[in-house]
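The chain contents come next:
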Number of protein chains: 2
Amino acid sequence: MIVGIIGLGLIGGSMAIDLKRRGFAGIVLGVESDPVNAAAAGKMRLADEIVSLEDCVGRSDIIVIAIPVGAAVKMLPGILDMCDSGKVVIDTCSTKSQIVRAVHYHPMRSRYVATHPMAGTEYSGPWAAMPNLFDGRACIFANTEESDPKAVKTIEEMYDVLNMRPIYMNADAHDVHTAYVSHISHVTSFALALTVLEKEKDEKHIFDLASGGFSSTVRLAKSSSDMWVPILTQNRDNVLHVIDTYLEKMQEFRDAIAEYDSDKIEDLIHEANRIKKILR
Amino acid sequence: MIVGIIGLGLIGGSMAIDLKRRGFAGIVLGVESDPVNAAAAGKMRLADEIVSLEDCVGRSDIIVIAIPVGAAVKMLPGILDMCDSGKVVIDTCSTKSQIVRAVHYHPMRSRYVATHPMAGTEYSGPWAAMPNLFDGRACIFANTEESDPKAVKTIEEMYDVLNMRPIYMNADAHDVHTAYVSHISHVTSFALALTVLEKEKDEKHIFDLASGGFSSTVRLAKSSSDMWVPILTQNRDNVLHVIDTYLEKMQEFRDAIAEYDSDKIEDLIHEANRIKKILR
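The rules behind the values
- Each chain carries its own residue numbering, running from 1 in the written order of its sequence.
- Chain letters and ligand numbers both follow the written order, the letters beginning at A and the numbers at 1.
- Whole-chain, interface and lining totals are the exception, using all residues; otherwise, since this is a predicted model, local features are given only for residues with pLDDT of at least 70 and side-chain atom pairs are given and counted only at 80 or more.
- Values reported for side chains reflect all heavy atoms of the structure, with hydrogen atoms and water molecules removed beforehand.
- Every angle, taken between N-to-C directions, lies between 0 and 180 degrees, and every axis is a line fitted to C-alpha atoms, over only the stretch in contact when it is a helix.
- Secondary structure elements are defined from DSSP: runs of H or I of at least 4 residues count as helices, runs of E of at least 2 residues count as strands, and each element is numbered from the N terminus.
- Orientation labels follow simple angle bins: below 35 degrees gives roughly parallel, above 145 gives roughly antiparallel, 65 to 115 gives roughly perpendicular, and whatever is left gives oblique.
- Take the far helix as the reference: if the near one is turned anticlockwise from it by less than a right angle, the crossing is left-handed, and if turned clockwise, right-handed.
- We call two residues in contact when some of their heavy atoms are within 4.5 Å.
- For this scheme, ten residues count as nonpolar: Ala, Val, Leu, Ile, Met, Phe, Trp, Tyr, Cys and Pro. Four count as charged, namely Asp, Glu, Lys and Arg, and the remainder, Gly too, count as polar.
- Only residues whose relative accessible area exceeds 30% and that form no salt bridge are eligible for patches; like-charged ones are grouped when within 9 Å, while nonpolar side chains (Val, Leu, Ile, Met, Phe, Trp, Tyr) are grouped when within 5 Å.
- For accessible areas, the Shrake-Rupley method is used with a probe of radius 1.4 Å. Any residue's cover is judged against the shown protein chains and nothing else.
- Think of a salt bridge as a Lys or Arg side-chain nitrogen and an Asp or Glu carboxyl oxygen that are within 4 Å of each other.
- Neither His nor the chain ends is counted toward charge; the positive residues are Lys and Arg and the negative residues Asp and Glu.
- One atom stands in for each charge, and that atom is NZ of Lys, CZ of Arg, CG of Asp or CD of Glu.
- Exposure is judged per residue with a 1.4 Å probe applied to protein chains only, and the accessible area is read against the type maximum: over 50% gives exposed, under 20% gives buried, and values in between give partly exposed.
- Here the quantity called buried area is the accessible surface, traced with a 1.4 Å probe, that two parts lose on coming together, added over both.
- Polar contact is the term for a pair of N or O atoms within 3.5 Å; when the atoms are in protein, one must be able to donate a hydrogen and the other to accept it, and sequence-neighboring residues count only if both atoms are side-chain atoms.
- Between the rings of Phe, Tyr and Trp (Trp by its six-membered ring), a pair exists once the centres lie within 6.5 Å; its type follows the angle of the planes, with under 30 degrees stacked, over 60 edge-to-face, and the other angles tilted.
- Our superposition of the copies is a least-squares fit, built on the C-alpha atoms of residues whose pLDDT is at least 70 in both.

**Q** So, the packing of helix α11 (residues 236–258) of chain A against helix α11 (residues 236–258) of chain B: which residues are in play, and what are the values?
**A** At a closest axis distance of 11 Å, the pairing of α11(A) and α11(B) adopts a crossing angle of 165 degrees. By the criterion of interaxial angle, the relationship of α11(A) to α11(B) is roughly antiparallel. Remark: the crossing between α11(A) and α11(B) carries left-handed chirality. Taking contact as the criterion, the partners of A:R236, A:V239, A:L240, A:I243, A:D244, A:Y246, A:L247, A:M250, A:Q251, A:R254, A:I257 and A:A258 in α11(A) are, on α11(B), B:R236, B:V239, B:L240, B:I243, B:D244, B:Y246, B:L247, B:M250, B:Q251, B:R254, B:I257 and B:A258. The residue makeup of the contact of α11(A) with α11(B), split by class, is 16 nonpolar, 2 polar and 6 charged.

Rendered as structure tokens:
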């Protein structure tokens, strides 16, 4: 099996590592438009060859689009244009509604499988790629009824090699749920970093006083704008809806603290503590 | 050296473990007002003996108050009443202004050293105690000019055994800085948990879709109300000030997303990314 990966960053690079060493991919072809990233990916041997987009699509059995979702939406139709019925194309993007809509009427739509492997770190680029990134995490398959069943099966096998649990979901539902569970926590981290950087002018204080708690809460604020600007604009309506609920909750907390209302603060914390029963 | 620890929870219990096994404390005496926690701490042998408060203060060379700050403020004057000049009393609380003020005119004030070891996890109780919790972290010493220099030196030696870096600070400054760097991130986590629990009724979705990012951002929402209600009310003014700045930043983000203003979102993310240069 030849797997072509477009975008050898955190996600694409990590896939390249595990698909190759676990034997699913005999050959990994990589496409990387950024010359520095391409040179680094080549030096790290993330792919067997760094090739052109046309070469990659022409030679690969599976084509993985692992670039920011804005660029992916633009690129996907052209890649399907180049495909025959022996190939499968997937994307790994964090929003699914727009990309699925962009190829809804494409004659080769059935060769495309929309996926979102729910794994990652706050780092990006080929230097962020690592083995075992996907192990044990969930992978969303969106709108599989629009894809060829055999193509879906091939991709299920691929993610099985990455030790991911498949979950099947409508693209619009995916975007609602990820707004709640993933996108909002990036926005809150960005806002937290902005607040602390503005108020605490002395960086040494931030370093000294940041116990593990602050570090983990602000970790996502290291995430790249290349990835997150298109996610937040593509999923605008859902994200705004969640931000508004979030602002209400913050205001409720603020009011309780302002009024020294210990009972109310305690109630809010007890309610928030329910997350303990859901997440380790 | 006999070290008496009042409150064998996460902080007190972890101190008990390391001070004993590293040889600083020949004997650790524990005081635990909650009968279940006392029984558990006894069974786990966190302390050599579980004793009464009076017994603990009477027999110990160093008395560590490691209970929520509301109770600590009430308890400290009475403990100093029982002290002679051979003993040193410290607290480990996360706010320092009120507790320092509560004993400012106490005749035994010089026997008290106000400290805040900046370490912890989101868990609490004797079952959360662990070895090496403090290694490499910062420990704030507040208003040391009000303490006897020899008492301060003894406590510096104790925290040195715990491998903590001492930092000296005025109590009021401490409360401002921890509002920025520690307290706000608990409030944002609580609000995030409340938002997600309200909007995402299906807990399985939260579990499935929570990649590492969400889990780390919401982690502090598991923190106990016993600890956090007194911190947030005692440090009310500073915390409100930081919450207000935070709400402004969230609103700025919200407006940029609402207007599909990619350039503005990108600027905000780049600015937030500066945290990368400060924290690992």
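**Q** Please provide a residue-by-residue account of a negative patch on the surface, values included.
**A** A grouping of A:D226, B:D263, B:E266 and B:D267 is seen on the molecular surface, where their side chains present a negatively charged patch. Secondary-structure assignment places A:D226 in helix α10 (residues 225–234). Overall, the relative accessible area of 54% leaves A:D226 in the exposed class.

**Q** So what's going on with the interface of chain B and chain A? Residues and values would help.
**A** Chain B puts 90 residues into the contact, and the matching count from chain A is 90 residues. In total, about 9000 Å² of surface goes out of reach between chain B and chain A, with carbon and sulfur atoms giving 70% of it. At the junction of chain B with chain A, the criterion picks out 6 salt bridges. Of the charged contacts in the structure, one is a salt bridge between B:D244 and A:R254, with a shortest N-O distance of 2.6 Å. In this assembly, chain B and chain A are joined by 24 residue pairs in polar contact (both at pLDDT 80 or more). Of the residues forming the side of chain B that touches chain A, the biggest block, 19 residues, is contributed by helix α7 (residues 171–199) of chain B. Along the lines of polarity and charge, the residues of the side of chain B that touches chain A split into 47 nonpolar, 23 polar and 20 charged.

**Q** Describe the packing of aromatic side chains, with residues and values.
**A** Per the counting criterion, the structure on display carries 7 aromatic pairs over all chains. When the ring of A:F141 is compared with that of A:Y159, the centres are 5.8 Å apart and the planes differ by 80 degrees; the resulting orientation is edge-to-face. Of this pair, A:F141 sits in strand β7 (residues 138–142) while A:Y159 is found in helix α6 (residues 149–161), placing the two residues 18 residues apart along the sequence. Overall, A:F141 belongs to the buried group, its relative accessible area being 0%. Owing to a relative accessible area of 1%, A:Y159 belongs among the buried residues under this scheme. On the numbers, 6.4 Å between centres and 65 degrees between planes, the contact of A:Y246 with B:Y246 is edge-to-face. On the criterion of chain membership, the pair formed by A:Y246 in helix α11 and B:Y246 in helix α11 is interchain, its members lying in two chains. Across this residue pair, the class does not change: A:Y246 and B:Y246 are buried. Following the ring pairs from residue to residue traces out a cluster consisting of A:F141, A:Y159 and A:Y168.

**Q** Could you give an account of the relation of the copies chain B and chain A, naming the residues involved and the relevant values?
**A** Screw-axis analysis of chain B against chain A gives a translation of 0.0 Å along the axis, an RMSD of 0.0 Å, and a rotation angle of 180 degrees. This pairing of chains is accounted for by a two-fold axis. Proximity to the rotation axis, assessed at the C-alpha, singles out B:T217 in chain B; its C-alpha lies 2.1 Å from the axis. Mapped onto chain A, 100% of the interface residues of chain B are again interface residues, and the two copies thus contact each other with one and the same surface.

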